[in-house]
Every structure is written in structure tokens, then in C-alpha cells.
Amino acid sequence: MNNKLEIKDFSFTYRGAKSASLCNINMSIPTNKVTAIIGPSGCGKSTLLRSMNRIHDIYNGNIYEGEILLLDEPQQQNILLIKKENDFIKLRQRVGMVFQKPTPFPMSIFDNVAYGLRLSGTKNKRLLKEKVVKALKDVALWEEVKERLYDDARGLSGGQQQRLCIARVVALKPEVILFDEPTSALDPLSTLAIEEMIIELKKNYTIVIVTHNMQQASRISDYTAFMYLGKLIEFDVTENIFINPKNKKTEDYITGRFG
Amino acid sequence: MRLIINKLAIFLSSLMAILGLFFLGWILVTLVIKGSGALNLYIFTHNLVNNGILNLIWGQFVLAGLAAFIGIPVGILAGIYLQEYGNNSRYAYFIRDLSDVMMSAPSIVVGTFIYAIIVMPFGHTNGWAGVAALFVMLLPIVVSTTDDMLSLVPVELREAGAAIGASKYHVILHIVLKAAKVGIMTGLILAFARVVGETAPLLYTSGSTIYMETDLNHTFPSMTVSIYNLATMPDEKLVELAWAAALVLTIIVMMLNLLGRYVVRNKR
Ligand SMILES: Nc1ncnc2c1ncn2[C@@H]1O[C@H](COP(=O)(O)OP(=O)(O)OP(=O)(O)O)[C@@H](O)[C@H]1O
Ligand SMILES: [Mg+2]
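Residues numbered from 1 in each chain as written. Chains lettered and ligands numbered in written order. Predicted model: local features only at pLDDT ≥ 70, side-chain atom pairs only at ≥ 80, totals over all residues. Heavy atoms only, no water.

Chemist: Help me get a handle on helix α8 (residues 168–179) of chain B, residues and values and all.
Modeler: Between its first and last C-alpha, α8(B) extends 15 Å over 12 residues, near the 16 Å set by a 1.5 Å rise per residue. Among all positions in α8(B), only B:His170, B:Val171, B:Ile172, B:Ile175, B:Val176 and B:Leu177 are buried. Taken together, the buried residues of α8(B) touch α3 (109–119) of chain A together with α3 (54–85), α6 (127–151), α7 (155–163) and α9 (181–196) of chain B. (Helix = DSSP H or I, 4+ residues; strand = E, 2+ residues; numbered from the N terminus. Expected span 1.5 Å × (residues − 1). Buried < 20%, exposed > 50% of the residue type's maximum accessible area, 1.4 Å probe, protein only. Contact = heavy atoms within 4.5 Å.)

Here it is as C-alpha cells:
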């Protein structure tokens, strides 16, 4: 099994917090698979996910311990050592992120997708357009927006906005895409559309998704991590976690006895 | 019982609203009655020396316009600093408080201050002093508007920008400012409307003159100061002209306010 990320003895403390929000996490994120992170509210799922692209660092003063290795055989890089803004930008181009609430930028649909591409150096107009169209097709949004590419993106429906945000990330061709509860603000149909898309995306991308929706985790993920109170309790193939959990806590959570 | 209190509250608040509107209406009606008499094309094409208000309108707009021209970029940059760069530092809190204090400083104090630091060394009232006084009035309004409007932009948007590989200054320039654009624009128009009608800061600084003036080193025409001067003249004609000028100024300020609202309504 090939891994894309390796998290080793990782602990995380927010600026000014008395205790660590994550304690001694060890896990590997396999390449081109969907890894789900589940657990009760406040257990540190978002904190862990947001460490993987160091988005935490737009606020300073957080404390990281341990290692998170981003692997690109034969190279590897401990992303916790990154300090310079340029290196953060490179990291985030390799590890993209989609948030819970759709966050369309205040610009046209086209520019929303083109923005990151322009920043990363695609200047040629024709190439830019090609990449934007490709990304919109990848997230199954093209048919719905091809007539109004230059309208303000904030005029799209919530589900469309979320797919646009995914297109924005996909356009950059990252190696990993992180999703933090990407469907919790959406209706069931939009949710289904995004789930199907994620399954499609894993052919080319390594995916990590935080979700509160147990069915969602079991439907789309290959591996599942269960977290509780800042610790990784159990990490295994999704079927094992859901059908045959080894830890009592995991079983209680899966069966809905707490959380 | 609760119903009665509720009704009473509605009654009282409506009464107060009507009272406020009543005085506003009174002022407007008086202005229109007394001001429209002398209102004609002639006064817009002649200077005060010939019983017109052309030089006054010009002077007022040059003073307020220059103050805005300098104050808006400075204020926006300061607002960006406060919200985006210095958010948690003591220094930022200090600047923010200072700006709030400045905003509530009585305008006559601002006028006297500029008188002391610019007019006295100069030896006489002049346009630059007027610009400086209006600048001091305008700056804190622009700073706090920008600060407030930027604070309304959700953090998620900034995070999403960073997550796509935008540097901090790209996020501010391309995303945050764009998202806050309408609010900031509205604030700027309202800030301008506010200083364009100021009298007290100009009284001792720009002064006012009956002639057309283009050199800011000289005493500069100012509409508000001239209205103040004319209103106390014995000549009835001049008093009437003051009313007309007041009406024109009121219309300008009201139009600017309406423009401010229009911008909000149309861009959201
Ligand atoms: N900015 C912050 N500063 C200090 N503590 C924080 C901050 N953000 C989160 N925490 C704390 O870190 C812990 C983990 O929070 P996190 O947001 O990762 O939980 P989560 O598992 O994503 O929860 P949810 O399912 O509700 O999104 C919580 O105890 C929370 O209170
Ligand atoms: Mg969370």
C-alpha cells in the first residue's frame, strides 16, 4: 500500500490553549483512496485536517509537535517544518481544501476557478480557459453554468457553489484534497452529487474527508479513522470499522450509543 | 398586561419617530420657502462678489474633495492594517481607540487645532488649512468604516483564499476588499457627505472669500462659512442668498446620502 501522508507522533495545541487539542496521532493516508475521519463534535477532526495543509498558520502561535510527511516517492517532506510564505503556498497547491460552508469568491464563476490557476502561473488565456472548463466538467457543473460563466458566483445555489469550490481546488491538480464536512450545509440531492464526485475524484487524488454522517463515511470511504477527545482511537479499512470495530468506544459511537 | 405594554411601546416609539420627522420636515419646508426665492440660474454662474454662489460651491468641493483625495487612501490603508494585520496587537487597539476619539472630537476643536498649527504660522487663513481640517474630520470615519466592513467579511473566505494558494496580500487585495467593496464605498460617500457640509472646521482655517480663488495658499471660498457670514448681514438680499445657498448645500448632501443608499441597494 502506497501512502501519501504519514502522520507521526503528532500533537497540536492552539495558541493560548491550556491543553493540546490533538495528542500523539499516528496514521497514514493511503494514496488515491478516500479516508474518512469520524468522531463526536470537538474531538479534533477539523484540527487534524487543517494541519495537513497548515491552514492553521494563517493565525500564528499554534504549537505543532511530531511530523507530518508529505510523500511523493522518492521524495518526502515534513510539512511541519515549513516557515516561509512561499512554501506554504506551494504546500497548499499540493494539498487543497474544501470547507463546510461554500465560499465562492466575490467574482465571476470563471474567475473563481481561474483565480488559483493565475496565481500558480497559468497566464495563457486559451490554456486558462481549457483548464477552467475541464475543472468545471470534473465536478459536473459545466452543463449548469456554461451559459453564465461570467456571472457573479454568489448567484449560484448552495450545492452549485460547493461544487464550484471543489472545481477551484481540482483545477490546481493537487495531490491531496481535504474536505471538512463538505455536505453538511447541503440538501440530500446536492449531497449525493458531491459524494458521487468524490468517488470519481479518487482515481486521481488522495482524499481525506471529515464527516458527521456515518452513512456517508461508509458509502464513500475506503478507510475510516475514529477520533475521540483529541486521540485517534481506531484506524482501519472502512468495513472493519463499521462491521467489526475492535475498540469498544468505536463500537459505541458507530451504533449511536453516544456522540 | 403584556399586550398593553406592547401597544404603549409601539405608540411611544411611533410618536417619537413622528416628532423627529416633524422637525426634519419643518427644516426642509423652511429651507425651501426661504431658499427658493433667490434660487435661479444666475447665482450658479456668478461669484459671491456679484451676488452668486459659484465660487462657494467650487471652494466647498475643492476643500472637501482634496480632503477626501488624501484621506480616503490613508484611511483605507489604516483600516486594512487594523483589521488584517494588527488585529490582536495592543498597538492596533490603541490606534482604533484613538480613531474613535478623533471621530467624536467636536469639529470646532479640530478647527482651532488646525488654526494653531497651520493658520498661525502662515499668518492668514488659507485653503490648505481648510483641507487639513476636513482631512482630520474625514480620516477617522474612513478608518472605522473600512475596519468595520472588513470585519464583516467571513473568515472562511480568507481561509478559502489561503487554501487555494493565495498569499496574504493577494487574499486581502483580490478577495476581502472585493467582498467588502459595497460597504466601503457606501461609507466613503457618507463620509464625504458628512464633511462637505461642515462649517466649524473651516471657520478659522480656510475662512471664506467673495472672490473666485484657485490658489490654496490664499483664503479660500467656502460655502458653509459664507452662509454663516451672510446670514448675519443687514442686507436682506444677502440673507436670501444665504438661504438659497443653504438649500443648495442641503440638496447636495441629501443626494450624496441617497447615492450611498442606492449603492447598497443595487449591489446586494
Ligand atoms: N481556534 C481555537 N482555539 C482554541 N481551541 C480551539 C480552536 N478551535 C478549536 N479548538 C478546540 O479544539 C478541539 C477540537 O476542535 P475541532 O474543531 O477540531 O473539533 P471537530 O472534531 O472538528 O468538531 P466538529 O465536529 O464540531 O466540527 C475542541 O476542543 C475545540 O474547542
Ligand atoms: Mg469540525
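Chemist: Lay out the environment of B:Thr186 with the relevant residues and their values.
Modeler: All names here are of chain B. Following the sequence through the fold, threonine 186 ends up in helix α9. In the structure, threonine 186 is positioned 72 residues away from leucine 258 in sequence and 10.0 Å away in space, judged by C-alpha atoms. Not counting residues within four places of it along the chain, the set of residues in contact with threonine 186 comprises Gly260, Val263 and Val264.

Chemist: Break down the pairing of strand β10 (residues 231–237) of chain A for me, with residues and values.
Modeler: All names here are of chain A. Of the pairings in the sheet, the one linking strand β9 (residues 223–228) to β10 comprises 6 bridges and is antiparallel in character. By the bridge assignment for β10, methionine 227 is matched with leucine 232. Connecting β9 to the next strand, β10, in antiparallel fashion are 2 residues, including leucine 229 with a positive phi near 50 degrees. (Pairing = 2+ DSSP bridges.)

Chemist: Break down the interface of chain B and chain A for me, with residues and values.
Modeler: Residue-level contacts link 19 residues of chain B with 23 residues of chain A. Taken together, the two surfaces of chain B and chain A that pack against each other cover about 1,800 Å², and 68% of this comes from carbon and sulfur. Considering only the surface of chain B that becomes buried against chain A, B:Glu159, B:Ala163 and B:Ile164 emerge as the three largest contributors, covering 36% of it. Viewed at the interface, chain A and chain B are joined by 5 residue pairs in polar contact (both at pLDDT 80 or more). (Buried area = accessible area lost by both parts, 1.4 Å probe. Polar contact = N/O pair within 3.5 Å; in protein donor to acceptor, adjacent residues only side chain to side chain.)

Chemist: Can you tell me about the sheet that holds strand β2 (residues 22–30) of chain A, naming the residues and giving the values?
Modeler: Residue and element names in this part refer to chain A. Ordered in space as β2-β1-β4-β5, the 4 strands form an open sheet in which the pairing is antiparallel. The open sheet is flanked by β2 and β5 (75–78), the only strands paired with a single partner. Between one strand and the next, the sheet's axes are offset by a mean angle of 10 degrees, whatever the strand orientation. Pairing of strand β1 (residues 3–13) with strand β4 (residues 63–72), which is carried by 7 bridges, proceeds in the antiparallel orientation. (Axes fitted to C-alpha atoms, helices over the stretch in contact; angles between N-to-C directions.)

Chemist: Requested: an account of the packing of α3(B) against α9(B), with residues and values cited.
Modeler: Residue and element names in this part refer to chain B. It is the contact of α3 with α9, at a shortest axis distance of 10 Å, that shows an interaxial angle of 140 degrees. The handedness of the crossing between α3 and α9 comes out as right-handed. Taking contact as the criterion, the partners of Gln60, Phe61, Ala64, Gly65, Ala68, Ile72 and Ile76 in α3 are, on α9, Ile184, Leu188, Phe192, Val195 and Val196. Of the residues that constitute the contact of α3 with α9, the class distribution is 10 nonpolar, 2 polar and no charged. (Left-handed = near helix turned anticlockwise from the far one by under 90°. Nonpolar A, V, L, I, M, F, W, Y, C, P; charged D, E, K, R; others polar.)

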